[in-house]
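# Breakdown of the fold
Below are the chains, spelled out letter by letter.
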Amino acid sequence: GLQATLSAGEEWMTDFEAAKVKAAEENKSILVDFTGSDWCGWCIKLDKEVFSQAAFQEYAEDELVLVELDFPKRKAQPAELKAQNEMLAKKFGIRGFPTILVLSSEGKLIEKTGYRRGGAEKYVNHLQAIVASAE
C-alpha cells in the first residue's frame, strides 16, 4: 500500500559519513545517487522506474545503505549539505546526473553506473552483479 512506499522513501540518507558508519555496522554496500531531483529528467525517470518500485526497495532493505546526494535547482538546501554534496561530487569525479555509485561497506568505489532501461528487477540484477564482483 501507500504507507509502505512512503516509508521506503525515507530509507535514503543524506549524511554520507553516517551512511558509512551504518554500512560498516550492517556489513552492507552503499548505493549513492547523485541526482538533480527537481530538474534532471533521467534522474526523475530512474526514481520512478527503479527506486520507487517494490522490487528495488525490498532488495535495498536487505543489501544496501542508500544515500541521496541531491543537486536541485529550485529547492533550498542547508549550506552544510550543499558543501558535502559538492565535495563528494568532486571526490568521485561526477560529470553528469544521475550518477549511481556502488561502494563497499568501507566506502571504496566498486563501480559507477547510471540510468538503465528495463525497470526495477533488471536494475536489481545489475546491482547484484556489481556487488558480487567486489566480493
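What you see is a predicted model, and the numbers here were worked out from it, not measured in a lab. (Residues numbered from 1 in each chain as written. Predicted model: local features only at pLDDT ≥ 70, side-chain atom pairs only at ≥ 80, totals over all residues. Heavy atoms only, no water.)

### As for the pairing of strand 1 (residues 29-35)
As a reminder of what qualifies: Under the scheme applied here, a residue whose accessible area is under 20% of the maximum for its type counts as buried, over 50% as exposed, and between as partly exposed, the area being computed with a 1.4 Å probe on protein chains only. Strands are runs of DSSP state E lasting at least two residues, helices are runs of H or I lasting at least four, and both sets are numbered from the N terminus onward. Note on pairing: two strands pair once DSSP finds at least 2 bridges between them.
Burial analysis of strand 1 places 7 of its 7 residues in the buried class, the great majority of the element. Residues of strand 1 alternate between two faces, with Ser29, Leu31, Asp33 and Thr35 on one and Ile30, Val32 and Phe34 on the opposite face, all of them buried. Bridge count between strand 1 and strand 2 (residues 64-70): 7 bridges; the pairing is parallel. Across the sheet, the residue bridging to Thr35 is Asp70, located in strand 2.

### A word on the packing of helix 3 (residues 41-51) against helix 6 (residues 119-134)
Note the cut-off: To define axes, lines are fitted to C-alpha atoms, for helices over the stretch in contact only, and angles between the resulting N-to-C directions are given on a 0 to 180 degree scale. Orientation categories follow fixed angle ranges, with anything under 35 degrees roughly parallel, anything over 145 roughly antiparallel, 65 to 115 roughly perpendicular, and all other angles oblique. By definition, residues are in contact when any of their heavy atoms lie within 4.5 Å.
Two elements in contact, helix 3 and helix 6, have axes whose closest approach is 7 Å; the angle formed by their N-to-C orientations is 90 degrees. Considering their axes alone, helix 3 and helix 6 lie roughly perpendicular with respect to each other. Counted together, Leu46, Glu49, Val50 and Phe51 of helix 3 and Gly119, Ala120 and Tyr123 of helix 6 form the full contact between these two elements.

### Some thoughts on the state of the cysteines
What makes a disulfide is a covalent bond joining the sulfur atoms belonging to two cysteines. To be explicit about the condition: Here, two cysteine sulfur atoms that lie within 2.5 Å of each other are counted as a disulfide.
A complete count under the given rule lists 1 disulfide for this structure. Each disulfide pairs two cysteine sulfurs, and for Cys40 the partner residue is Cys43, the sulfurs being separated by 2.3 Å. Of note, the bridge from Cys40 to Cys43 carries an S-S torsion of about 80 degrees and is right-handed in sense. Each member of the pair Cys40 and Cys43 is classed as buried.

### Re the nonpolar core
Which entries qualify depends on this criterion: Residues belong to one nonpolar core when they are buried, are Ala, Val, Leu, Ile, Met, Phe, Trp, Tyr or Cys, and are joined through side-chain atoms within 4.5 Å.
Of all hydrophobic cores here, the largest spans 19 residues; its most connected members are Leu31, Phe51, Phe56, Leu64 and Leu127. Secondary-structure elements contributing two or more residues to this core are helix 3, helix 4 (54-63), strand 2, strand 3 (99-103) and helix 6. Among the elements that make up this core, the one with the highest residue count is helix 6 (6 residues). Those residues within four positions of Leu31 in sequence are excluded, and the remaining contacts are Trp12, Phe51, Phe56, Leu64, Val65, Leu66, Val67, Ile100, Leu101 and Leu127.

### Observations concerning the sheet that holds strand 3
Here we have 4 strands laid out as an open sheet, ordered 2-1-3-4, and mixed in their pairing. Two strands in the sheet have a free side with no partner beyond their single neighbour: strand 2 and strand 4 (109-113). Neighbouring strand axes in the sheet, compared pairwise and without regard to direction, differ in orientation by 20 degrees on average. The pairing of strand 1 with strand 3 spans 5 bridges and is antiparallel. Of the residues in strand 3, the one forming a bridge with Leu31 is Val102. The strands that helix 4 touches are strand 1 and strand 2; relative to strand 2, the one it contacts most, it runs at about 110 degrees.

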